[in-house]
Amino acid sequence: KVEDLTCNDVIVVVMGPTGAGKSTFIQTVTDRHYDNNEVGHSLRSATSEVSSLRITFKRQISRSQPSSQLAQNPGNVHLNHPSAQPEKRSSLVLVDTPGFDDTEKSDLEVLKTIAEWLKKVCVPGQNTPTRISGILYLHRITDVRISGTVLKNFDMFQKLCGTDFYRRVALVTTMWPDESDKVTLSECERREKELEENYWNVMITMGSHVYRFTKKAESAEGIINEIAGLEDGKRHDELRVEIQKEIVLQQKAIPSTKAGRHLHGLTEELVLRQNNLMTRLQTEMKHSAGLDQAVLDELLSEFIRLREERERSVRDMSDLKESWMGRLFH
Ligand SMILES: Nc1nc2c(ncn2[C@@H]2O[C@H](COP(=O)(O)OP(=O)(O)O)[C@@H](O)[C@H]2O)c(=O)[nH]1
Ligand SMILES: [Mg+2]
């Protein structure tokens, strides 16, 4: 439970589109620790909303392991591990979040879910406890192009996170092909470069780091070590996630946050697109004399589905509309 979190916990939030590999990444880290019998008590929630899992995390990466993999990877930051030193143990909480493309939830519901969780772990008036140590944003390197869904996830993540916190962000590419598959590998490396130059450049300039997740536990642990600042004691700095500042410190309602405002714009565009589509479908149905029944039925069910979707978008948009008073005060 969220209330169980303590100021000794290192909290790392994992974000990204559905299917980016968030749950797999977390599983990879936790499995290893289950095997080693190092599991502390579980914080996994019963719902599939935001779930968090606490493990006792031991620094296990020797000098030679990650550098061999990262050396061939000049775009990535070099993991510069000091020579063997006594193991350090930390209580690590990994937080799994839904993407902004959930099948069950609208984007607004997802935003609320994440924001509420971040609000609960942040006790106002107390200055040390439960800071977020880092955010991992996961991206499938196998995606041939950057889809609208992926862009939406990335934009929403940036707005939630805030520029100050970019230094504590790991941009993690997942689903790397095997070393043996040279053709696919070089294609993925080209995409990685494109991401770094055209999509992630601003974040990188402002301190975010890029990593590859190679499915091995060492790979995941290396990323967490780096980003959570487990080794350099930096986790007590004053950095905070933007939406936490907004809803906890500035007491803003979700529609008034940067993420909320951005989502309002996106939802407005979505409603326009849905309206256009519905008009087109209606025209098609009007001119449908002679079309066979199966085609007609399909058009009709498409129309009904679209109308339901639009209802939901319109509802979200009105929820996201800042009240007159709200705008005055923020
Ligand atoms: N080939 C491959 N498949 C992966 C990898 N990571 C995740 N998957 C698969 O991709 C799918 C989505 O992963 P999941 O962790 O559920 O994504 P989430 O929606 O972000 O939590 C699952 O079927 C995983 O088994 C990876 O590194 N390589
Ligand atoms: Mg998942």
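Each value, and the rule that gives it
- Residues numbered from 1 in each chain as written.
- Chains lettered and ligands numbered in written order.
- Predicted model: local features only at pLDDT ≥ 70, side-chain atom pairs only at ≥ 80, totals over all residues.
- Heavy atoms only, no water.
- Helix = DSSP H or I, 4+ residues; strand = E, 2+ residues; numbered from the N terminus.
- Buried < 20%, exposed > 50% of the residue type's maximum accessible area, 1.4 Å probe, protein only.
- Contact = heavy atoms within 4.5 Å.
- Salt bridge = Lys/Arg side-chain N within 4 Å of Asp/Glu carboxyl O.
- Pairing = 2+ DSSP bridges.
- Right-handed = clockwise from strand over helix to strand, strands pointing away.
- Core = buried A, V, L, I, M, F, W, Y, C linked by side-chain atoms within 4.5 Å.
- Domains from an automatic or database assignment.
- Phe/Tyr/Trp six-rings, centres within 6.5 Å; stacked < 30°, edge-to-face > 60°.
- Lys NZ or Arg CZ within 6 Å of the ring centre and 35° of its normal.
- Near = heavy atom within 4 Å.
- Polar contact = N/O pair within 3.5 Å; in protein donor to acceptor, adjacent residues only side chain to side chain.
- Areas by Shrake-Rupley, 256 points an atom, 1.4 Å probe, with all protein chains shown as cover.
- Nonpolar A, V, L, I, M, F, W, Y, C, P; charged D, E, K, R; others polar.

Student: So what's going on with the overall build of the protein chain? Which residues, and what values?
Tutor: Within the protein chain, the regular secondary structure consists of 11 helices and six strands. With 330 residues in all, the protein chain has 48% of them scored as buried. Within the protein chain, residue pairs in contact and separated by at least 24 positions form 77% of the contacts whose partners lie at least 6 positions apart.

Student: Kindly report on the pattern of salt bridges, identifying the contributing residues and their values.
Tutor: Applying the stated rule across the entire model yields 14 salt bridges. Arg-140 is the partner of Asp-143 in a salt bridge, and the nearest nitrogen-oxygen pair spans 2.7 Å. Relative accessible area serves as the criterion here: at 22%, Arg-140 is assigned to the partly exposed category. Close ionic contact of Lys-245 with Asp-164 constitutes a salt bridge, the shortest N to O distance being 3.0 Å. Taken together, the residues Lys-245 in helix α8 (residues 242–249) and Asp-164 in the loop between α4 (148–161) and β5 (169–174) connect sequence positions 81 residues apart. When its relative accessible area of 18% is taken as the criterion, Lys-245 is described as buried. On the accessibility criterion, Asp-164 (45% relative accessible area) is partly exposed.

Student: For the pairing of β5, give the residues involved together with the corresponding values.
Tutor: With respect to burial, β5 is a largely interior element, six of its six residues being buried. Burial along β5 is two-sided: Val-169, Leu-171 and Thr-173 and Ala-170, Val-172 and Thr-174, pointing in opposite directions, are all buried. Note that strand β4 (residues 132–140) and β5 share six bridges and pair parallel. Across the sheet, residue Ile-135 finds its bridge partner in β5, namely Val-169. In this fold, the crossover linking β4 to β5 by way of α4 has right-handed handedness.

Student: Give me the lowdown on the nonpolar core, citing residues and values where you can.
Tutor: By size, the foremost hydrophobic cluster in this structure holds 47 residues, and its most contacted members are Leu-111, Trp-117, Ile-132, Ile-135, Phe-157, Leu-171 and Ile-243. When we break this core down by domain, the ones giving at least three residues each are domain 1 (2–249) and domain 2 (254–329). Excluding residues that lie within four positions of it along the chain, Ile-135 makes contacts with Val-13, Met-15, Phe-157, Cys-161, Phe-165, Arg-168, Val-169, Ala-170 and Val-241. Residues Val-10, Ala-170, Tyr-211 and Ala-220 belong to the second largest nonpolar core, which totals 22 residues.

Student: How would you sum up unusual backbone geometry? Please name residues and give values.
Tutor: In the Ramachandran plot, Met-175 falls in the positive-phi region, its phi being about 65° despite a non-glycine side chain. For Met-175, the location among the structural elements is in the loop between β5 and α5 (182–199). In this model, Lys-215 sits at a positive phi of 80°, which is unusual for a non-glycine residue. Among the structural elements, Lys-215 can be located in the loop between β6 (209–212) and α7 (217–227). Look at Lys-215 and you get exposed, because its relative accessible area is 54%.

Student: Give me the packing of aromatic side chains: which residues, what numbers.
Tutor: Going through the model one piece at a time under the given rule, you end up with four aromatic pairs. Chaining the aromatic ring pairs together yields one cluster made of Tyr-137, Phe-154 and Phe-157. The ring centre of Trp-176 lies 4.0 Å from the NZ or CZ of Arg-212, which sits over that ring.

Student: Break down the site of ligand 1 for me, with residues and values.
Tutor: Ligand 1 sits among Pro-17, Thr-18, Gly-19, Ala-20, Gly-21, Lys-22, Ser-23, Thr-24, Met-175 and Lys-215. One of the backbone nitrogen or oxygen atoms of Lys-22 is found 2.8 Å away from an oxygen atom of ligand 1. A distance of 2.9 Å is found between an oxygen atom of ligand 1 and a side-chain nitrogen or oxygen belonging to Ser-23. Here ligand 1 has 580 Å² of accessible area as a free molecule, and 60% of this is covered by the chains. Considered class by class, the residues forming the shell around ligand 1 number three nonpolar, five polar and two charged.

Student: Quick rundown of the environment of Val-95? Include the residues and the values.
Tutor: If you trace the backbone, Val-95 turns up in strand β3 (residues 89–96). What makes Val-95 buried here is its relative accessible area of 0%. For Val-95 and Val-14, which are 81 residues apart along the polypeptide, the C-alpha to C-alpha distance reads 5.8 Å.

Student: Let's hear about the environment of Met-203: which residues, and what values?
Tutor: With respect to the element layout, Met-203 can be found in helix α6 (residues 201–205). For Met-203, a relative accessible area of 0% puts it in the buried group. Considered as a pair, Met-203 and Gln-158 are 45 residues apart in the sequence and their alpha carbons are 8.7 Å apart. With sequence-adjacent residues up to four places away left out, Met-203 is seen in contact with Phe-154, Phe-157, Gln-158, Tyr-166, Val-169, Leu-171 and Ser-208.

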